[in-house]
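Below are the chains, spelled out letter by letter.
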Amino acid sequence: MLYEVNHIENFYITNTKYWSFYPNMFQTIAEIHLHTFKGFFLSSLGKKFLTEFYKNIYWDNSGMLLVCRKDEEIVGFVAGSLEPAGFYTRILKKRLLFFALYALPALIKQPKIFSRLLSAFRKPGDEPNDPDAAKLMSIAVQEEYQGYGLGKLLVEAFITECKKHGKKIILLETDAVDNDAVNCFYQNMGFQLSKAYQTSEARKMNAYRFNL
Ligand SMILES: CC(C)(COP(=O)(O)OP(=O)(O)OC[C@H]1O[C@@H](n2cnc3c(N)ncnc32)[C@H](O)[C@@H]1OP(=O)(O)O)[C@@H](O)C(=O)NCCC(=O)NCCS
């Protein structure tokens, strides 16, 4: 499936499930993640870990990985799952050794992040069990292309794909503090704040839902 973006020349939103394989796609996505999520926990685990993470989203039957392309260059992406319940358990079962191996350099540098990593991997229990729910896990647009409507197009394409698969709601979480732009972005797109909560690491989060 190819979504042509009419109002910005040469920008396309593409569902990677229907796209002939693009060399280094996962590394490119990991690089965009590293540049746009500076200082975030997942970024601290490094490019190899992130590459493995996005690869597993693509491989999982429920995974949704849409990219925004300018000609052949990937300039943004949105990732999620149509079956978020058990998602982390599924990917860990398959690739635990790889995740552990790729997280190792970061763990050696900062042993403190071990408990954080463990709690992130215990996340399966936190994932919604509602069969009608899809989860938007991550979205980013390369800095030089931000503010041109590409993020909006990615979310719209994600919504379209979720509808096609019969989903009724999309859930997501984002930081509540020092993150006004992203909270405004989701609210502008019609996401409604459903819960404000604090993680075990005292990180304040906002949970949003979008009714399809
Ligand atoms: C969040 C992100 C994906 C948005 O992509 P983008 O291409 O810059 O956003 P768009 O240009 O499509 O903007 C879409 C809407 O959000 C709003 N918006 C975007 N940035 C905003 C900001 N800084 N403040 C307020 N509103 C903003 C715009 O008003 C726009 O609505 P409009 O069309 O009615 O004007 C992008 O900024 C990004 O990659 N950020 C870093 C990664 C990140 O934090 N991801 C989200 C983590 S959960």
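Residues numbered from 1 in each chain as written. Predicted model: local features only at pLDDT ≥ 70, side-chain atom pairs only at ≥ 80, totals over all residues.

(A) Local environment of the overall build of the protein. A count of helical and extended segments in the protein gives 7 helices and 8 strands. Here the C-alpha radius of gyration of the protein, 17 Å, is about what a compact globule of 212 residues would show, namely 17 Å. Of the contacts made within the protein by residues no fewer than 6 positions apart, 66% connect residues no fewer than 24 positions apart. (Helix = DSSP H or I, 4+ residues; strand = E, 2+ residues; numbered from the N terminus. Rg over C-alpha atoms; globule rule 2.2 N^0.38 Å. Contact = placed C-beta atoms within 7 Å.)

(B) Seen up close, the pairing of strand 7 (residues 192–198). Within strand 7, only 0 of the 7 residues are buried, which leaves the element largely exposed. Strand direction decides the pairing type here: strand 7 and strand 8 (residues 204–211), joined by 6 bridges, are antiparallel. The residue bridging A196 from the neighbouring strand is N206, located in strand 8. Connecting strand 7 to the antiparallel partner strand 8 that follows it, the hairpin turn spans 5 residues, and A202 within it adopts a positive phi of roughly 65°. (Buried ≥ 20, exposed ≤ 12 C-beta atoms within 10 Å, placed from the backbone. Pairing = 2+ DSSP bridges.)

(C) Seen up close, the packing of helix 1 (residues 25–36) against helix 3 (residues 47–59). One way to put it is that helix 1 packs onto helix 3 with a least axis distance of 8 Å and a crossing angle of 120°. Relative to helix 3, helix 1 is oriented oblique. The hand of the helix 1/helix 3 crossing is right-handed. Residue-level contacts link F26, Q27, I29, A30, E31, H33 and L34 of helix 1 to K47, L50, T51, Y54 and K55 of helix 3. Its residues assigned to classes, the contact of helix 1 with helix 3 shows 6 nonpolar, 3 polar and 3 charged. (Axes fitted to C-alpha atoms, helices over the stretch in contact; angles between N-to-C directions. Parallel < 35°, antiparallel > 145°, perpendicular 65-115°, else oblique. Left-handed = near helix turned anticlockwise from the far one by under 90°. Nonpolar A, V, L, I, M, F, W, Y, C, P; charged D, E, K, R; others polar.)

(D) Focus on helix 4 (residues 87–109). Relative to the 33 Å expected for 23 residues at 1.5 Å per residue, helix 4 spans just 28 Å between its end C-alpha atoms, considerably shorter than the ideal helical length. The principal kink in helix 4, of about 85°, is found at R95. For helix 4, the set of buried residues is F87, I91, F99 and A103. (Expected span 1.5 Å × (residues − 1). Bend = angle between axes of the 7 residues up to and from the residue.)

(E) Helix 1, seen in detail. Between its terminal C-alpha atoms helix 1 stretches 17 Å, which fits the 16 Å expected from 12 residues at 1.5 Å a residue. The elements touched by buried residues of helix 1 are helix 2 (41–44), helix 3, strand 4 (73–81) and strand 5 (133–141).

(F) Seen up close, the site of the ligand. Around the ligand, 18 residues are found, and the nearest of them are Q146, G151, K152, A181 and C184. Among the secondary structure elements, those contributing two or more residues to the shell around the ligand are strand 5, helix 6 (150–164) and helix 7 (180–188). Considered class by class, the residues forming the shell around the ligand number 10 nonpolar, 7 polar and 1 charged. (Near = placed C-beta within 6 Å.)

(G) Spotlight on the environment of S44. Relative to the assigned elements, S44 resides in helix 2. Sequence-wise, S44 and T14 are 30 residues apart; in three dimensions their C-alpha atoms are separated by 28 Å. Residues contacting S44, with those up to four places away along its chain left out, are A106 and I113.

(H) Up close: the pairing of strand 6 (residues 169–175). Strand direction decides the pairing type here: strand 5 and strand 6, joined by 3 bridges, are parallel. The partner of A133 across the bridge, within strand 6, is I169. Handedness of the crossover joining strand 5 and strand 6 through helix 6 is recorded here as right-handed. (Right-handed = clockwise from strand over helix to strand, strands pointing away.)

(I) Focus on the packing of helix 3 against helix 4. Look at helix 3 against helix 4: their axes get within 9 Å of each other, and the N-to-C directions meet at 165°. Regarding the angle of helix 3 to helix 4, the classification is roughly antiparallel. Judged by the twist between their axes, the crossing of helix 3 over helix 4 is right-handed. Taken together, the residues of helix 4 that come into contact with helix 3 (itself represented by K48, F49, E52 and N56) are I91, R95, F98, F99, Y102 and A103.

(J) Structural view of the nonpolar core. One finds Y54, L66, C68, F77, V78, L154 and F158 to be the most contacted residues of the largest nonpolar core, which totals 45 residues. Leaving out residues up to four positions away in the same chain, L66 has contacts with I13, T14, N15, T16, F77, V78, L154, A157 and F158. (Core = buried A, V, L, I, M, F, W, Y, C linked by C-beta atoms within 7 Å.)

(K) The arrangement of the environment of I159 in detail. Relative to the elements of secondary structure, I159 occurs in helix 6. The partly exposed category is assigned to I159, around which 19 C-beta atoms lie within 10 Å. Once you skip the residues sitting within four places of it in the chain, I159 turns out to touch I170, F210 and L212.

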